[in-house]
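The primary structure of each chain is shown beneath.
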Amino acid sequence: MAITTHPTFCRFCHANCAMLADIEDNRVIAVRGDPDDAKYHGYTCIKGRQLADAHNHETRLLRHLKRTPAGLQPIATTQVFDEIAARLQDLVAQHGPHAVAVYSGTYAFQNSAAMFAGQAFAKGLGTRNYYTSVTLDQPAKVYTTLRMGHWSGGAQPFSTADVLLVVGNNAITSHYGPVGAVSPFSPSRSLQDARARGLKLVVIDPRVSDVARHADVHLAVKPGEDVALLSAILNVILSEARFDQAFCQQHVDGLDELREAVRGMTPEIAAARAGVSADAIVAAARMFADAKRGVASSGTGPEMSGDGTIIEYLLASLNIVCGRFVREGEPASPPRVFTAQTPRHAAVNPPMKLWGEGFPASRFRGLTQLGEEMPCNVLADEILTPGDGQIKALIVIGGNPVVAFPNQDKMVAAMQALDLLVCIDIRESATTRHADYVLAPAMCLERDDITNLSEWWHETPYARYARALVPAPGDTLDEWEMFWELAHRMNVPLRFAGGEADLAARPDKATILDLIAAGGLVPPSQVRDDTPDGRAIVYDHLAPVVQPAPAEAAARFTLTPDDVIAQLRHRLAQAPDNDAGFRLVSRRTKHVFNSSGHQYAALAKKGSTNFAHMNPDDMARLGIADEGAIEIAGARGSLFGIAKASPEVRTGVISMAHAFGDFDTGLGGVRAHGNSTNRLVDETSDYDPITGQSRQSAIPVTVRAVAEVVAAE
């Protein structure tokens, strides 16, 4: 059969790069970047280029599995949903709806309907126990900064920025940056082009990352001292009156209180704590404040450092006092297509507190839902602790909690304690090893999808509706279809923004997507009809423009929400950590997306282990050989790793990817599989009191060389 080529987009990660897929005999045989796409210009990353291998890989599940005395065995589609639905109904009847939990992992977000369907199912059941990976890595960005107010028009976009201040975000590798930061679409080229037009760049990072190599000012901060460093930058800006005084006078409360709170954190004191130059701190502050446009932003690392909520508060404060928002008459940022539209005005939306009183509460640590999700911090305890509300059943969509969640041994115990564990995954994993059922999903080129995830980074109303290019093989189903099958059997409503799904006859994907994206600029089905060739479309004529502030608009930003100033003062008053140990910080890896990617041949060639990157001077001092085995120990536990000499890492720091590997691979298997740094994390003793996020970066550790053993065959 002849090879045909079709436009589509990648769903290996959230960047949704434009692609061309070659199809032969209903089989994906190759993918590559689409050079004709006006946004991506042919760019793809090494992970995305493995989609053909991913679809056809020998480890891929094509049948649903059920645990039997002989292990996981194939089970027919009708039977598997009959059995799961019956078991869920029994558990709800015995213990109530909170006995059931749903977790949407990283890959639930890459399917434009999966996360919404899982959430709708949880709501329909009436359980408070809906979890997502957001609360594992960056919850403060999503939930805590809104308590300061929110600019209706949006943040200034990257394309018009004169300056960018980046804390612990390496977008060239991660393909992630908050709105206004480095574009995830061909990030290296985006940054180089911005630098060529004059962008100034300040990077705060304990290592010389890919982004930091382009910096005008690089502050190689000691892990754990971001709060002191950002406070000193604010101190310089406020004490030298370099902030946007007109904007603050019109829109901001609490300026004097913030100024007083950071007054004592001088550049000299912060420099001593953070291990950087005081002059560089001053230069960074002036560079950011004296520019007219451009935002301050962070990545995963700072939020995982134990100070996530305060760090995001300080970054939001920098953007607020410098007025880094689009104004009346400018394009709204981001415009969005598939997200429900709200009025876009040159005004502050009132502060919103999305946790605490009035939100469903966990049984542990005083934590509550954040918005509509429960913090992942409490999941293990909610499973392991008897009593009213104990979780008995868990459905995992595209996630791997054993590898990704804090306290790996405890998470394994929790998975084993469940009455029912259902995993939706393309292959067996460290988590499916404990599952009662594993449901095999269709993969991205076998289903329809829209770009509702990546549209948060587009500066124009760019939209795509990708058609399924090949039939879903075997018994595989789209994830949303799995929840429909359960809801159909259990009579559980699936309510979306546009109404309820029909439970009598399974709708098609476009109908579900229209329900999910109700209120957006253009319904998904219209985008499908407007693009018969499957390429992207830009609805420039519908792009929202920031309108004048309504006459009744009275809300103002507050720099003093709740008791945040007291928290900031307390944190700055704490003595710095001056022990002789190391700090382990998180990082991203180009060829792996969390715990996914190790299986594919082209990616495996880049390395299968989770290297512990260290400064060569530290390694020489401790007698650690390059690519030699080491043991890393913290207060919670220890793990084995393979050291990698990396001069770009500052002394006293170990840099490792998180959510990596398998369950405690031990010394014998560490080269083949790596290890998850969550073995060092205790979610009950070091966590954010609002988000529950555990310290998963800037972890105090010791390190020593160890004699290696050979894994048994």
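Refer to the structure above for everything that follows.
Residues numbered from 1 in each chain as written. Predicted model: local features only at pLDDT ≥ 70, side-chain atom pairs only at ≥ 80, totals over all residues. Heavy atoms only, no water.

1. Things to note about the sheet that holds strand β26 (residues 611-614)
Phase 1 of the analysis: An order of β25-β29-β26-β28-β27-β30 is seen for the six strands of this closed barrel, with the pairing classed as mixed. Strand-to-strand twist of the sheet, defined as the mean angle between neighbouring strand axes without regard to direction, takes the value 45 degrees.
Phase 2 of the analysis: Where β26 meets strand β28 (residues 638-645), four bridges bridge the pair, whose relative direction is parallel. Bridge pairing in β28 links His-613 to Lys-644. (Pairing = 2+ DSSP bridges. Helix = DSSP H or I, 4+ residues; strand = E, 2+ residues; numbered from the N terminus. Axes fitted to C-alpha atoms, helices over the stretch in contact; angles between N-to-C directions.)

2. A few points about the packing of helix α4 (residues 114-125) against helix α18 (residues 479-490)
Phase 1 of the analysis: Contact pair α4 / α18: the axes reach a minimum separation of 8 Å and the direction vectors enclose 20 degrees. Here α4 is positioned roughly parallel relative to α18, judged by the angle of their axes. In the crossing of α4 with α18, the sense of the turn from one axis to the other is left-handed. The segment α4 lies against α18, with Ala-114, Ala-117, Gly-118, Phe-121 and Leu-125 engaging Glu-479, Trp-480, Phe-483, Leu-486, Ala-487 and Met-490.
Phase 2 of the analysis: Split into classes, the residues belonging to the contact of α4 with α18 amount to nine nonpolar, one polar and one charged. (Parallel < 35°, antiparallel > 145°, perpendicular 65-115°, else oblique. Left-handed = near helix turned anticlockwise from the far one by under 90°. Contact = heavy atoms within 4.5 Å. Nonpolar A, V, L, I, M, F, W, Y, C, P; charged D, E, K, R; others polar.)

3. Side note on the packing of aromatic side chains
Phase 1 of the analysis: On inspection of all chains with the given rule, the structure shows 11 aromatic pairs.
Phase 2 of the analysis: Aromatic pair Trp-151 and Phe-247: ring centres 5.4 Å apart, planes at 55 degrees, arrangement tilted. Here the residue Trp-151 occupies a position in strand β8 (residues 150-151), and Phe-247 occupies one in helix α10 (residues 245-251), the gap between them amounting to 96 residues.
Phase 3 of the analysis: Residue class for Trp-151 comes out buried when judged on its relative accessible area of 3%.
Phase 4 of the analysis: Centre to centre, the rings of Phe-325 and Phe-557 are 5.3 Å apart; their planes meet at 20 degrees, and the pair counts as stacked. With Phe-325 in the loop between α14 (300-321) and β14 (348-349) and Phe-557 in strand β24 (residues 557-558), this residue pair connects regions lying 232 residues apart in the sequence. Phe-557 shares its class with Phe-325; the two are buried.
Phase 5 of the analysis: One aromatic cluster is present, formed by Trp-151, Phe-247, Phe-325 and Phe-557 through successive ring pairs. (Phe/Tyr/Trp six-rings, centres within 6.5 Å; stacked < 30°, edge-to-face > 60°. Buried < 20%, exposed > 50% of the residue type's maximum accessible area, 1.4 Å probe, protein only.)

4. Side note on the pattern of salt bridges
Opposite charge on two side chains lets them pair, provided their charged atoms get close.
Phase 1 of the analysis: This model, assessed by the stated rule, comprises 43 salt bridges.
Phase 2 of the analysis: Between Arg-273 and Glu-225 there is a salt bridge, and its shortest N-O distance comes to 3.0 Å. Taken as a pair, Arg-273 in helix α12 (residues 267-274) and Glu-225 in the loop between β11 (217-219) and α9 (226-239) lie far apart in primary sequence, 48 residues in all.
Phase 3 of the analysis: Assessed through its relative accessible area of 10%, Arg-273 is described here as buried.
Phase 4 of the analysis: A residue is classified by how much of its surface remains accessible, and Glu-225, at 5% relative accessible area, is buried.
Phase 5 of the analysis: Across the pair Asp-449 and Lys-509 runs a salt bridge whose closest N-O atoms are separated by 3.3 Å. On the criterion of sequence distance, the pair formed by Asp-449 in strand β18 (residues 449-450) and Lys-509 in helix α19 (residues 509-516) is long-range, its members being 60 residues apart. (Salt bridge = Lys/Arg side-chain N within 4 Å of Asp/Glu carboxyl O.)

5. Observations concerning the state of the cysteines
Phase 1 of the analysis: By the definition in use, this model includes zero disulfides.
Phase 2 of the analysis: For the unlinked cysteine Cys-10, the closest cysteine sulfur is that of Cys-17, found at 6.2 Å.
Phase 3 of the analysis: There is no disulfide at Cys-322, and the cysteine sulfur nearest it, in Cys-248, is 7.8 Å away.
Phase 4 of the analysis: A residue is classified by how much of its surface remains accessible, and Cys-322, at 6% relative accessible area, is buried. (Disulfide = S-S within 2.5 Å.)

6. Considering the environment of Leu-238
Phase 1 of the analysis: Mapped onto the secondary structure, Leu-238 falls in helix α9.
Phase 2 of the analysis: Judged by relative accessible area, which is 4%, Leu-238 ranks as buried.
Phase 3 of the analysis: Considering only alpha carbons, one finds Leu-238 and Leu-255, 17 residues apart in sequence, at a separation of 8.7 Å.
Phase 4 of the analysis: With near-sequence residues (within four places) excluded, Leu-238 lies in contact with Phe-243, Leu-255, Leu-258, Arg-259, Val-262 and Val-321.

7. With respect to the side chain of Arg-147
Phase 1 of the analysis: Following the sequence through the fold, Arg-147 ends up in the loop between α6 (139-143) and β8.
Phase 2 of the analysis: On the accessibility criterion, Arg-147 (5% relative accessible area) is buried.
Phase 3 of the analysis: Engagement of the side chain of Arg-147 in a polar contact is seen with the side chain of Asp-562, the distance being 3.1 Å.
Phase 4 of the analysis: Not counting residues up to four positions away in its chain, the partners in contact with Arg-147 are Thr-309, Pro-351, Met-352, Trp-355, Thr-558, Pro-561, Asp-562, Val-564 and Ile-690. (Polar contact = N/O pair within 3.5 Å; in protein donor to acceptor, adjacent residues only side chain to side chain.)

8. Points about the pairing of strand β30 (residues 699-705)
Phase 1 of the analysis: Pairing of strand β25 (residues 582-587) with β30 involves three bridges; the strand directions are antiparallel. Directly across from Leu-584, in β30, lies its bridge partner Ile-699.
Phase 2 of the analysis: Where strand β27 (residues 629-633) meets β30, four bridges bridge the pair, whose relative direction is antiparallel. Bridge pairing in β30 places Ala-633 opposite Thr-702.

9. Some words on the environment of Asp-514
Phase 1 of the analysis: Looking at the element boundaries, Asp-514 is found in helix α19.
Phase 2 of the analysis: Those residues within four positions of Asp-514 in sequence are excluded, and the remaining contacts are Pro-523, Pro-524 and Ser-525.

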